[in-house]
Amino acid sequence: MKSNKPNKAGGMPSVTSTIKQVIRSQRAKENIKNLLRVNKAGGFDCPGCAWGDSSEGMLHFCENGAKAIAWESTERTVGESFFAEYSVARLRKQSDYWLEYQGRLSQPMRYNRHSDHYEPISWDEAFELIANKLNALSSVDQAEFYTSGRASNEASYLYQLFGRLFGTNNFPDCSNMCHEASGIALKKSIGVGKGTVVLDDFYEASTIFVYGQNPGTNHPRMMNSLRKAAKNGCKIVSINNLREVALEKFASPQKPLELLGNQSVDISHLYLTPKLGSDIALIRGLVKSIIEYHSEKIDNNFIMQQTQGFADYQLMVMNTDWQDIVSQTGVDIDDIHKAASVFANSKNAISTWAMGITQHKHSVDTIRELVNLHLMMGQIARKGAGLCPVRGHSNVQGNRTMGINEKPSADFLARLENYFQTPMPQNSGHNVHAALKALHSKSSKVLICLGGNIAAAAPDSEFTARALKNSEFSVQISTKLNRSHLSVENDALILPCLGRTELDEQQAGPQQITVEDTFSMVHASAGNTPPVSKSCLSETEIVAQIANKTLTNSSIDWLALKDDYSKIREFIAYTIEGFEDFNQKISVPFGFHLASSVNSLKWNTDSQKAEFNTTVLPSSAFSTDLQLISEARKEKIFTLQTMRSHDQFNTTIYGMDDRYRGIKGERKVIFMNPKDAQHLGFEESEVVEIESIWTDNITRKLDGFCVRIYDIPSSNLAGYYPELNPLIAIDSVGDQSFTPTSKSIAVIVRKSQQAQKIDVITT
Ligand SMILES: Nc1nc2c(c(=O)[nH]1)N[C@H]1C(S)=C(S)[C@@H](COP(=O)(O)OP(=O)(O)OC[C@H]3O[C@@H](n4cnc5c(=O)[nH]c(N)nc54)[C@H](O)[C@@H]3O)O[C@H]1N2
Ligand SMILES: Nc1nc2c(c(=O)[nH]1)N[C@H]1C(S)=C(S)[C@@H](COP(=O)(O)OP(=O)(O)OC[C@H]3O[C@@H](n4cnc5c(=O)[nH]c(N)nc54)[C@H](O)[C@@H]3O)O[C@H]1N2
Ligand SMILES: [Mo]
């Protein structure tokens with residue numbers, strides 16, 4: 001198998017890539033200054049990911065954070081003359097990369113369906129139009145308020161307050177496609193839907209299990225923490241169906257010896273490669289192995305005092321056959337025993353996970369199985385031990401804390417009602433799945449998006465595009481042009497907003513916003529680059545202006561809130577637990593920690609104890625229906641995962657390379673095991689079509705993808721999101737979470753009928 005994969009991650013190529021991005025932004029001077037301020041006290045929060053900040057060292061950015069910053073802070077702009085030149089039909093033919101590369105949106109625009117062009121509109125007219133459209137709806141639940149995880153605490157708090165005062169809980173958000181399963185599982189098992197560790201715990205841990213995550217690309221600052229832990233003797237166990245190079249060897253770009261010499265640090269002590277969606281079986285194997293061979297290490301005191309349901313769970317584990325565990329995971333039984341022994345013999349253990357765990361049918365039960373393991377061993381609620389879902393978007397966790405939630409808790413609603421002396425809607429609202437279905441069937445009519453790119457991020461691209469086009473009116477509050485602006489047929493607005501790097505000057509002076517990272521640290525962020533255009537407004541101001549115009553009888557002075565964000569923080573301080581004295585608390589460098597009830601051994605579950613979850617091991621990554629259909633087919637059925645390349649941020653494509661996997665200049669690729677390729681008679685670079693299987697009669701097919709022979713378990717495939725999203729049926733969602741099963745799609749692969757040429761774009 002020929003491979004262009006590097007033998008380590010980080011190092012000099014990361015530095016070269018960072019410099020290239022900064023130069024390409026055409027704002028090199030500002031962006032060098034930006035990089036020196038990122039993730040520092042008094043600076044701004046990196047929009048690249050939600051990993052926590054450290055006070056160590058001089059430079060607090062990584063290669064991919066630099067890409068995100070340089071991509072946002074560019075000289076190029078998209079305004080009136082651009083939209084006069086390009087009709088929407090013409091723009092639709094462009095790639096996602098091309099669309100965003102045109103630059104920052106710099107002027108509010110309204111779609112004219114007669115000319116098929118976006119045309120300028122004034123801010124006042126835009127706000128008036130939104131108010132009129134919302135107030136003309138026959139039911140408040142015909143409006144959908146989507147949020148992407150970059151919105152600040154201030155903007156998202158105002159947004160949910162506005163939506164609820166308008167009358168609905170329809171708050172679909174990117175979490176529904178991301179860590180939803182983590183929130184649900186953790187809430188059920190331990191009473192709080194967030195992680196239980198802080199950054200310093202990583203340096204106290206004697207083992208860290210990293211499940212379904214590619215931090216070398218998606219959380220490169222986490223690599224510095226893993227590197228430091230590994231150097232201190234912590235045993236890192238990686239569990240991933242691909243051998244991600246950063247989890248094998250990493251050279252820190254911030255350590256001169258590793259940068260200039262040919263040195264690197266071995267990260268993983270053990271690396272298991274289970275088949276897609278089989279982590280629940282693998283974790284059950286770890287538990288079974290510990291019960292059978294290390295029972296003296298089980299923390300019976302913890303189980304007795306803090307938990308409930310262990311006896312039933314233990315019985316279920318003992319009744320699970322080793323044969324099922326081994327055949328489902330494809331992992332050698334000795335390797336499962338080795339990993340179990342590492343866990344059992346660890347003083348302190350942390351488990352981290354991301355999308356490789358959350359985007360499957362059985363994700364909620366998988367995460368609950370992982371919690372079972374930690375509970376059985378008492379590896380939670382103490383220093384150096386616990387659970388760490390590694391969040392994606394830089395403020396996605398904060399959004400939820402601020403109330404962006406289609407199923408708000410009764411306690412949260414009561415606090416809002418009490419403070420604002422107004423009734424709040426009590427019924428459950430729409431998540432992304434329900435919102436898209438409602439728009440598709442035209443029962444919802446208005447879509448407002450605070451950031452993001454729902455058209456490309458959501459599954460079943462054709463269904464999603466139809467849903468968005470069916471909306472009578474849509475509003476996209478965005479920084480860059482993307483596919484969501486083009487999925488329009490009726491009336492629509494693009495409202496250009498400031499980004500994280502930019503100075504946000506309001507009546508009361510320059511404003512700061514706040515965010516919450518994956519460790520529940522809340523801190524301030526303030527940009528200082530001059531805004532790309534005078535016509536861009538802050539997200540917070542846009543939301544306040546919409547609320548001001550729409551809620552004509554409101555007792556809240558919305559415009560005063562946008563003049564001075566500390567007034568919004570006062571609302572937050574009164575209505576959200578843990579935010580008392582909010583304005584004072586953020587004056588401290590790196591902010592404050594929202595303490596977890598778990599760490600004081602308080603379990604806010606039904607039983608007031610941590611709960612073991614007892615479930616029969618599912619027989620496959622798919623639903624039973626799908627399994628039957630798959631088995632009836634004569635062709636070989638694969639499980640396909642969609643993932644990120646090293647050159648993208650979600651639907652934002654920075655370039656066409658995936659350096660750590662040895663891919664250059666292409667994105668329409670399918671990674672395939674050499675034996676599977678041989679079985680199908682495929683060679684490296686074979687051009688193929690991929691068809692997904694689902695229980696409806698709709699054909700979902702993509703052509704012109706190129707096979708890359710790769711070290712991946714047999715019967716598994718991998719490729720990139722969002723190109724493969726058309727294959728994911730809208731109803732193919734995780735149990736309980738409704739998260740699209742983006743990492744377990746049943747597909748068939750055939751030689752291409754047309755042998756189209758694949759994409760090669762030089763960047
Ligand atoms: N540069 C950059 N940074 C980002 C993002 C970005 O796009 N670019 N996106 C941000 C966001 S919103 C998020 S949510 C995070 C995403 O961060 P990740 O979760 O790291 O993102 P993915 O690329 O989806 O990678 C999933 C990983 O899980 C593995 N995997 C897939 N299925 C399975 C499985 O069944 N079992 C196991 N054990 N492993 C599996 C894949 O091989 C891959 O390594 O990153 C955030 N940070
Ligand atoms: N098949 C498949 N689908 C997936 C995934 C997968 O792994 N596989 N991952 C899922 C995950 S984890 C996530 S989180 C979602 C992501 O879904 P989203 O959050 O909706 O998508 P993004 O690509 O992050 O959004 C990019 C757009 O956000 C806008 N933007 C950027 N910065 C700002 C800002 O500061 N303010 C505002 N207002 N707008 C801004 C820009 O216009 C840009 O085009 O996708 C999901 N979809
Ligand atoms: Mo995400």
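Up top is the structure these notes are about.
What you see is a predicted model, and the numbers here were worked out from it, not measured in a lab. (Residues numbered from 1 in each chain as written. Chains lettered and ligands numbered in written order. Predicted model: local features only at pLDDT ≥ 70, side-chain atom pairs only at ≥ 80, totals over all residues. Heavy atoms only, no water.)

Examining the overall build of the chain
Within the chain, the secondary structure is distributed over 31 helices and 31 strands. Taking 2.2 N^0.38 as the reference for a compact globule, 763 residues should give roughly 27 Å; the C-alpha atoms of the chain span a radius of gyration of 25 Å, in line with that estimate. Counting only residues that meet the buried cut, the chain has 65% of its 763 residues in that class. Across the chain, contacts joining residues at least 24 apart in sequence account for 79% of those joining residues at least 6 apart. Accessible area of the chain: about 27,600 Å², with a carbon and sulfur share of 49%. Treating the 79 positive side-chain charges of the chain as one cloud and the 84 negative ones as another, the clouds have centres 4 Å apart. (Helix = DSSP H or I, 4+ residues; strand = E, 2+ residues; numbered from the N terminus. Rg over C-alpha atoms; globule rule 2.2 N^0.38 Å. Buried < 20%, exposed > 50% of the residue type's maximum accessible area, 1.4 Å probe, protein only. Contact = heavy atoms within 4.5 Å. Areas by Shrake-Rupley, 256 points an atom, 1.4 Å probe, with all protein chains shown as cover. Lys, Arg positive; Asp, Glu negative; His and termini not counted. Charge placed at Lys NZ, Arg CZ, Asp CG, Glu CD.)

Points about the site of ligand 2
In the neighbourhood of ligand 2, 32 residues make up the surrounding shell, with Glu-100, Tyr-146, Glu-539, Thr-651 and Tyr-721 lying closest. Ile-477 places a polar main-chain atom, nitrogen or oxygen, 3.0 Å from a nitrogen atom of ligand 2. At 2.5 Å, a side-chain N or O of Glu-539 approaches a nitrogen atom of ligand 2. Surface burial for ligand 2 is 96%, taken as the share of its 930 Å² of free accessible area covered by protein chains. Among the residues forming the shell around ligand 2, the class breakdown is 11 nonpolar, 15 polar and 6 charged. Residues lining the shell around ligand 2 come from more than one domain, with at least three contributed by each of domain 2 (78-145 + 408-596) and domain 4 (627-762). (Near = heavy atom within 4 Å. Polar contact = N/O pair within 3.5 Å; in protein donor to acceptor, adjacent residues only side chain to side chain. Nonpolar A, V, L, I, M, F, W, Y, C, P; charged D, E, K, R; others polar. Domains from an automatic or database assignment.)

Re the site of ligand 1
The environment of ligand 1 is formed by 31 residues, the closest being Asn-240, Glu-244, Asp-279, Gln-648 and Asn-650. Here Gly-277 contributes a backbone N or O atom positioned 2.7 Å from an oxygen atom of ligand 1. For the shell around ligand 1, the elements supplying multiple residues, two or more each, are helix H10 (215-218), helix H18 (355-358), strand E24 (638-643) and strand E25 (648-649). When the residues that make up the shell around ligand 1 are grouped by side-chain class, the tally is 9 nonpolar, 18 polar and 4 charged.

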